[in-house]
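The residues making up each chain are set out below.
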Amino acid sequence: MTVRTGRVNRVLLCLVGLLLLVAGGSVLAVGLGAPPPRHWPHTGPHDVLLSTAERTRWRDAPWWWPAVIAGLAVLVLLALWWLAAVLRRRRPAEILVDTGDGEGALLRGPALEAALAGDASRQPGVADADVLLTGRRTGPAVRAGLRLEPATDPAAALSGFTAGPLARARDAAGLEHLPAEVRLRGVRHRAERVS
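Computed from a predicted model, the values in this text were never measured in an experiment. Throughout this description, residue numbers start from 1 for each chain and increase along the sequence as written. In keeping with the model being predicted, local features are shown solely for residues with a pLDDT of at least 70 and side-chain atom pairs are shown and tallied solely at 80 or more, while totals for entire chains, interfaces and linings include all residues. In computing side-chain values, all of the structure's heavy atoms are included and hydrogens and water are not.

Undergrad: Describe the overall build of the protein, naming the residues involved and giving the relevant values.
TA: A count of helices and strands for the protein gives five helices and five strands. Counting from the amino terminus, the protein carries its helices and strands in the arrangement α-α-α-β-β-α-β-β-α-β. Taking 2.2 N^0.38 as the reference for a compact globule, 195 residues should give roughly 16 Å; the C-alpha atoms of the protein span a radius of gyration of 28 Å, well beyond that estimate. Burial status across the protein gives 22% buried among its 195 residues. Expressed as a percentage of contacts within the protein between residues at least 6 apart in sequence, the contacts between residues at least 24 apart total 47%. All tallies of charge rest on Lys and Arg as positive and Asp and Glu as negative; His and the ends of each chain are not included. By convention, charge coordinates are those of NZ in Lys, CZ in Arg, CG in Asp, or CD in Glu. The centroid of the 24 positive side-chain charges in the protein is displaced by 9 Å from the centroid of its 17 negative side-chain charges. The secondary structure listing takes helices from DSSP runs of H or I that are at least 4 residues long and strands from runs of E that are at least 2 residues long, numbered from the N terminus. Throughout, the radius of gyration refers to the C-alpha atoms, and the reference size of a globule is 2.2 Å times the residue count to the power 0.38. Relative accessibility under 20% of the residue-type maximum defines a buried residue, over 50% an exposed one, and the middle range a partly exposed one, all with a 1.4 Å probe and only protein chains included. Every residue pair with non-hydrogen atoms within 4.5 Å of one another is taken to be in contact.

Dropping the structure here:
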C-alpha cells in the first residue's frame, strides 16, 4: 500500500467510524431516555425506524425497487473494492532464488530487507536506512530511504549504496536485476557554533 493510499484509507476509515459513532451514540442516548433534539425524526425508545406509511410509500412506483437494488449493489461493490485494496499484498513475503540445480530456494523477504538495511546503515555518511521490498517474488524491487549525516555528499552516498549493499543483495539473492528507488534525506541536527 502506498503512502497516499494509506492516508486515503485512514481518512475514509476515520470518517466512517466517526459517522457510525455519532449515529449509534445518538440512537443509544435517545433509546436510554435522553431528550431527542428538535430535528430528531423519532420521539421515544419505542418508536419504529420506518412507519407503515413510510415503508409502503414507493411500493407501487416501478423505479423504486430497481433504484434501491442498484444503490445497494454499488455500495457492496465499493466495499469489496476497498477490502481488496486493503488486503492486497504489495510486498513479497519470499523471493525465489535460482540455485542452479533446477530446484530453487526461497529467501524470506523480511530477512533480505533487514540485511540490506543493516548493510546500508553501515555505509560512511549514512545515519540510518529503511528498506522495503516491492514487486513479485520472481522480480522484486527495492524501495530504500537513507538518512544522511551532516556534510555527506548525496551522490557519493547513492553510488556507495548501489555499488555496495544493493549489489551484494542482488548477488546474494541470485537476481539479474534488482531495481531500486532510493530517497535521500538529511538528519536533523543543531546548528554548530562558530567562534
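Undergrad: Account for the sheet that holds strand E4 (residues 140–148), with residues named and values stated.
TA: The strands making up a sheet associate through hydrogen bonds between their backbones, and the pairing can be parallel or antiparallel. Reading across from one edge, E3-E4-E5 is the order of the three strands in this open sheet, with mixed pairing throughout. The sheet is open, and its two borders are formed by strand E3 (126–135) and strand E5 (180–186), each paired with just one other strand. Averaged over all adjacent pairs, the angle separating strand axes in this sheet is 15°, with direction ignored. Pairing of E3 with E4, which is carried by nine bridges, proceeds in the antiparallel orientation. From the neighbouring strand, Leu 133 faces E4, where its bridge partner is Val 142. Axis angles are defined between N-to-C directions and span 0 to 180 degrees, where every axis is a line fitted to C-alpha atoms and, for a helix, only to the segment in contact. Contacts from helix H4 (residues 109–121) reach E3 and E4 within the one sheet, and its direction differs from that of E3 by about 155°. Sitting on the sheet, helix H5 (residues 154–173) touches E4 and E5, and the angle it makes with E4 is about 140°. A pair of strands is considered paired only if DSSP assigns at least 2 bridges between the two.

Purely geometric numbers; function is a separate question.
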